[in-house]
Amino acid sequence: MPRQENTKEKIIECAFSLFEKPRMSDISLGEIAAKVGISKTAFFRHYKNKEELVEKMRERFFEAFAEMISQLEPSRPAYNLKAVSKAVHCVFDFNEKYPNYLSYFLQMSFSDQILDEGMNLILLDNGINILHDDIFKDKNKFSPRRMVPNYFEQTLLSFLFLAFCKNSALLKITDFEKYKQKVADLIYNGLGKKKNPISPERKKELDKICEIQLESDKKSNRFFNAFVDLLQKSKSSRITIKKIAEALGMSQSSVYSFFTNKSDYMANMLLQETERAGGIIKERCAAAKNSDEAIYIMMRSEANYFALRPQVIALHGFFIIQEAAFSASDFDGVRAKTMEMSKNYIIPDGVPNGFDFPVSDNATLFIKWISSLTVAFMMLGTRHKFPPEWLDFYVSTVYEMIQCGIKIINKDGE
């Protein structure tokens, strides 16, 4: 292979390597050139500009992803544990082979619509419909079966991300092979509970308890509102202290009197949001008689919270992905809140017996999974503009799959 082609390949792989962990800033040409060991001037001998490199990176990711998906059988009406296990192991193997691709996709899909759409097209070409517009063709007659691929994908992605992208201080896996199989078992069997662990009458009572009324956003913290506004206008890596100061009508020095840097600012925004939502969930979870009710209350309350604050759904999704970009010290406060939520009041009976992963902290892992499912499905509902009644369908359907797995949908023929 000619030397120039070798350098072009090295530039692409080095660019991917810079996505080893989520980050708060854009990757610059200077960083890429330094990683390759060439000058910025030399970079332009191989690519016209950064946009051309970004396009080639997309193509490389699509090629690898399509090769991985082609090993799976197309989605069929029936699911079985063997097929689910094969899919889970295949995806994990893909990320072990390409360790930087997952972080690349998770970070860039927030701001790169072409990347997001391209992956969905590859899935559709292989008979897997996850996020396409026709996932609910008739929005007045929602079908639980249509939720299965999305639930499958979101659960797999949640545990995959925790395994490959999180700071080891947050989660330590003691047996990786067992971890992968437990993900497959969880998707197919759920927590191994019976169907409808909560009676319809009790569920109505809990729905009433989970109703939420929030104060006007005008009364909310102005730093938080400024961040949300900036996040809606541009991707997170382009949010700087200078832009934050401009949005607040303050000087940069004034912002620095409150926060030491951008990472400190964003960690504080997450802590504020965690405290606000956590306080609401804590209050309502006090009515739970057991862990089944506590899980339902958490999901329903969080979904209601997002329905009233749709502008922050993307913010929560961003933080789930960006968590590894913070240092362990940045997240001390947030992690403490998560632990308090999981151990003190969200799971009164402790972590469910069916959730026994080989990790250092099952309680935190469990809460992260439930919360990430809620965020993911609320983002789906917002993206496709589903009507308000979709919320009832979502909570009930996903709750059943958490308890019983996707096999319950398959057996019911729904």
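Residues numbered from 1 in each chain as written. Predicted model: local features only at pLDDT ≥ 70, side-chain atom pairs only at ≥ 80, totals over all residues. Heavy atoms only, no water.

Undergrad: Sorry, what's going on with the overall build of the chain here?
TA: Per the secondary structure count, the chain includes 20 helices and zero strands. Within the span of the chain, comprising 414 residues, buried residues form 54% of the whole. Summed over all atoms, the accessible surface of the chain reaches about 18,900 Å², with 50% contributed by carbon and sulfur. (Helix = DSSP H or I, 4+ residues; strand = E, 2+ residues; numbered from the N terminus. Buried < 20%, exposed > 50% of the residue type's maximum accessible area, 1.4 Å probe, protein only. Areas by Shrake-Rupley, 256 points an atom, 1.4 Å probe, with all protein chains shown as cover.)

Undergrad: What exactly am I supposed to notice about the nonpolar core here?
TA: For soluble globular proteins, the rule of thumb is that nonpolar side chains tend to be buried together. Ranked by size, the top nonpolar core spans 124 residues in total, and within it I32, W369, Y394 and I406 carry the most contacts. The residues contacting Y394, other than those within four sequence positions of it, are M147, M299, A303, L373, T374, F377 and Y399. (Core = buried A, V, L, I, M, F, W, Y, C linked by side-chain atoms within 4.5 Å. Contact = heavy atoms within 4.5 Å.)

Undergrad: What am I meant to see in the packing of helix α10 (residues 200-209) against helix α15 (residues 291-308) here?
TA: With their axes 10 Å apart at the nearest point, α10 and α15 run at an angle of 45° to one another. With respect to their mutual orientation, α10 and α15 come out oblique. In this structure, the crossing between α10 and α15 has a hand that is right-handed. In contact with R202, K203, L206 and D207 of α10, α15 contributes E293, Y296, I297 and R300. (Axes fitted to C-alpha atoms, helices over the stretch in contact; angles between N-to-C directions. Parallel < 35°, antiparallel > 145°, perpendicular 65-115°, else oblique. Left-handed = near helix turned anticlockwise from the far one by under 90°.)

Undergrad: Where do I start with helix α6 (residues 101-108) in this structure?
TA: The periodicity of an α-helix, 3.6 residues per turn, causes residues three or four places apart in sequence to face the same way. Taken across its eight residues, α6 has eight buried, putting it largely inside the fold. Those residues of α6 that fall on the buried side of the exposure criterion are Y101, L102, S103, Y104, F105, L106, Q107 and M108.

Undergrad: What am I meant to see in the packing of aromatic side chains here?
TA: Geometry of an aromatic ring pair is reported as the spacing of the ring centres plus the angle between the planes. Enumeration according to the criterion identifies 31 aromatic pairs in this entry. Taking the centre distance of 5.2 Å and the plane angle of 55° together, the rings of F94 and Y98 count as tilted. Across the pair, exposure class does not vary: F94 and Y98 are buried alike. Every member of this aromatic cluster is reached through a ring pair, and the members are F16, F19, F61, F62, F65, F94, Y98, Y101, Y104 and F105. Between the NZ or CZ atom of K8 and the centre of the ring of Y47, over which it lies, the distance is 5.0 Å. (Phe/Tyr/Trp six-rings, centres within 6.5 Å; stacked < 30°, edge-to-face > 60°. Lys NZ or Arg CZ within 6 Å of the ring centre and 35° of its normal.)

Undergrad: Sorry, what's going on with helix α19 (residues 390-404) here?
TA: When the terminal C-alpha atoms of α19 are compared, their 21 Å separation across 15 residues agrees well with the 21 Å that a helix rising 1.5 Å per residue should span. Burial runs high along α19: 13 of the 15 residues are buried. In the segment just after α19, G405 is the residue with positive phi, at about 80°. (Expected span 1.5 Å × (residues − 1).)

Undergrad: Even after reading the chapter, I still don't get the pattern of salt bridges, so can you show me in this structure?
TA: Side chains carrying opposite charge are able to pair once their charged atoms draw close together. Under the defined criterion, the tally for this structure stands at 13 salt bridges. Between K180 and E177 there is a salt bridge, with its nearest N and O atoms 3.0 Å apart. Placement of both K180 and E177 in helix α9 (residues 176-189) is noted, with a separation of three residues, approximately one turn of the helix. In this structure, K193 and D292 form a salt bridge, with 2.7 Å as the shortest nitrogen-oxygen distance. Here D292 lies in helix α15 and K193 lies in the loop between α9 and α10, a separation of 99 residues in the sequence. Under the relative-accessibility criterion, D292 is labelled buried at 13%. (Salt bridge = Lys/Arg side-chain N within 4 Å of Asp/Glu carboxyl O.)

Undergrad: What's the story with the packing of helix α4 (residues 50-69) against α6 in this structure? I'm lost.
TA: Think of two packed helices as two axes; the pair is described by the angle between the axes and how far apart they sit. It is the contact of α4 with α6, at a shortest axis distance of 11 Å, that shows an interaxial angle of 120°. Considering their axes alone, α4 and α6 lie oblique with respect to each other. Pair α4 / α6 crosses with left-handed handedness. Residue-level inspection shows V54, M57, R58, R60, F61 and A64 of α4 in contact with α6, the latter providing Y101, Y104 and F105. Of the residues that constitute the contact of α4 with α6, the class distribution is seven nonpolar, no polar and two charged. (Nonpolar A, V, L, I, M, F, W, Y, C, P; charged D, E, K, R; others polar.)

Undergrad: I keep staring at the environment of M269 and nothing clicks. Help me out?
TA: By the secondary structure assignment, M269 is in helix α14 (residues 262-285). Overall, M269 belongs to the buried group, its relative accessible area being 2%. Here the alpha-carbon distance between M269 and V228, two residues 41 residues apart in the chain, equals 9.4 Å.

Undergrad: Can you help me understand the confidence of the model for the chain in this one?
TA: Detailed conclusions should not be drawn from predicted coordinates in areas where pLDDT is low. On average, residues of the chain carry a pLDDT of 78, and 77% of them reach 70 or more. For the chain, per-element mean pLDDT is lowest for helix α17 (residues 332-346), which scores 55, and highest for α10, which scores 94. (pLDDT = per-residue confidence, 0-100.)

Undergrad: Which parts of the structure should I look at to understand unusual backbone geometry?
TA: For N196, which is not glycine, the phi dihedral falls at a positive 55°. Turning to its location among the elements, N196 is positioned in the loop between α9 and α10. You can call N196 partly exposed: its relative accessible area is 43%.

Undergrad: What am I meant to see in the side chain of R60 here?
TA: For R60, the position within the fold is in helix α4. Judged by its relative accessible area of 18%, R60 is buried. A polar atom in the side chain of R60 sits 3.0 Å from the side chain of E13. Excluding anything up to four places from it in sequence, R60 contacts E9, I12, E13, F16 and Y101. (Polar contact = N/O pair within 3.5 Å; in protein donor to acceptor, adjacent residues only side chain to side chain.)

Undergrad: Looking at this structure, I do not really get the environment of K178. What am I missing?
TA: By the secondary structure assignment, K178 is in helix α9. Overall, the relative accessible area of 43% leaves K178 in the partly exposed class. Once the C-alpha coordinates of K178 and P358 are considered, the two residues, 180 residues apart in sequence, prove to be 7.0 Å apart.

Undergrad: Help me understand the environment of Y104, please; the structure alone is not making it clear to me.
TA: Here Y104 lies in helix α6. The exposure class of Y104 is buried, given its relative accessible area of 2%. Linking Y104 and R58, residues 46 residues apart in sequence, is a C-alpha distance of 9.8 Å. Not counting residues up to four positions away in its chain, the partners in contact with Y104 are F16, F19, V54, M57, R58, F61 and L115.

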